[in-house]
Amino acid sequence: MYTQALDAQTAEAAAQLDESALEQRFLARVDAEEKIEPKDWMPARYRNTLIRQISQHAHSEIVGMLPEGNWITRAPTLKRKSILIAKVQDEGGHGAYLYSAAETLGVSRDQLVEQLLSGKAKYSSIFNYPTPTWADVGAIGWLVDGAAIMNQIPLCRCSYGPYARAMVRVCREESFHQRQGYDLMLHLAQGTDEQKLMAQEALNRWWWPALMMFGPSDANSTHTGDSQRWKIKRFSNDELRQKFVDFTVPQAKFLGLTVPDPLLRWNDAKQQHEFYAAKHSRSGAEHADGR
């Protein structure tokens, strides 16, 4: 019995050494910017992180079809209807690409969908917000898809090959989505007083939820450290949120609209904007809801 116990301990120690050596080799490949492919060895934590992130991303693309799809029959012109149909169709395609990427990690699409329907898996809560006017369609394209692009362009360089390759096409199409949203907002902002008011109210509704698309602050993020070490993510949540604000505020000014943040300031020394979510521990979404 004593000999058997020693043998078991020796085998366990050898397995741990092998696992450690494999992980070091894996990290060396990541640092060398080599793509990790489905049949390559990878740490279980890396695989599970990818499944969580890619499935949440896929679910968000599918659920994201719903608020805009609701406006297809109410689009004001045939041109706008055609654009919106194409956009909603793209979102469905993005979900399909991403489910396929997740399947390469050993999880089935049926499992992923069941997790979504049961509430076990998450999706971006921004798609639960109401869209009471046509201007919301523009705000979603401009702000929500704009935030998505800011998040997703670095994913084209993700260390996991299937995810990175899927994101190349997704980002090309999301760029179209952002432009059509901004174009819609531009036409409203240049229209009647009523139309400009619609655009401003839509910006007021979507600004804070768009900022929260980047996730919790870095201090409260439980996944950012590992994701950046493995080069799944290239930038932290707060870095991406800052980039989005600096990129979007000048666009709002061009439209003649006001970003609904009384603390928004340009910091000339830092050459970037200061804003509510960057100054406070509680989220902008909580601020918007009065919590």
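Summarised in this report is the structure supplied together with it. (Residues numbered from 1 in each chain as written. Predicted model: local features only at pLDDT ≥ 70, side-chain atom pairs only at ≥ 80, totals over all residues. Heavy atoms only, no water.)

Notes on the overall build of the protein
In terms of regular secondary structure, the protein is built from 12 helices and 2 strands. Going from the N terminus to the C terminus, the protein shows its helices and strands as α-α-α-α-α-α-α-α-α-α-β-β-α-α. Once local pairs closer than 6 in sequence are excluded, the contacts in the protein between residues at least 24 apart make up 73%. (Helix = DSSP H or I, 4+ residues; strand = E, 2+ residues; numbered from the N terminus. Contact = heavy atoms within 4.5 Å.)

Remarks on the nonpolar core
For soluble globular proteins, the rule of thumb is that nonpolar side chains tend to be buried together. The biggest cluster of nonpolar side chains holds 45 residues, and the ones touching the most others in it are Trp142, Leu143, Trp207, Leu211, Phe244 and Leu255. Contributions of two or more residues to this core are made by α4 (78–103), α6 (135–152), α7 (161–189), α8 (193–212), α10 (237–255) and α11 (276–279). Considering every element that reaches this core, the biggest residue donor is α6, with 9 residues. Excluding anything up to four places from it in sequence, Leu211 contacts Arg241, Phe244, Val245, Phe275 and Ala277. Tyr46, Ile51, Leu98 and Tyr163 belong to the second largest nonpolar core, which has 28 residues in total. (Core = buried A, V, L, I, M, F, W, Y, C linked by side-chain atoms within 4.5 Å. Buried < 20%, exposed > 50% of the residue type's maximum accessible area, 1.4 Å probe, protein only.)

Quick notes on the pattern of salt bridges
Across all of its chains, the model carries 15 salt bridges by this definition. Glu68 is the partner of Lys87 in a salt bridge, and the nearest nitrogen-oxygen pair spans 2.6 Å. Taken together, the positions of Lys87 in helix α4 and Glu68 in helix α3 (residues 65–69) put the pair 19 residues apart, joining distant regions of the chain. With a relative accessible area of 1%, Lys87 lands in the buried category. In this structure, Lys87 engages Asp145 in a salt bridge whose closest nitrogen and oxygen atoms are separated by 2.9 Å. (Salt bridge = Lys/Arg side-chain N within 4 Å of Asp/Glu carboxyl O.)

In short, the description is geometric, and any link to function would need to be established separately.
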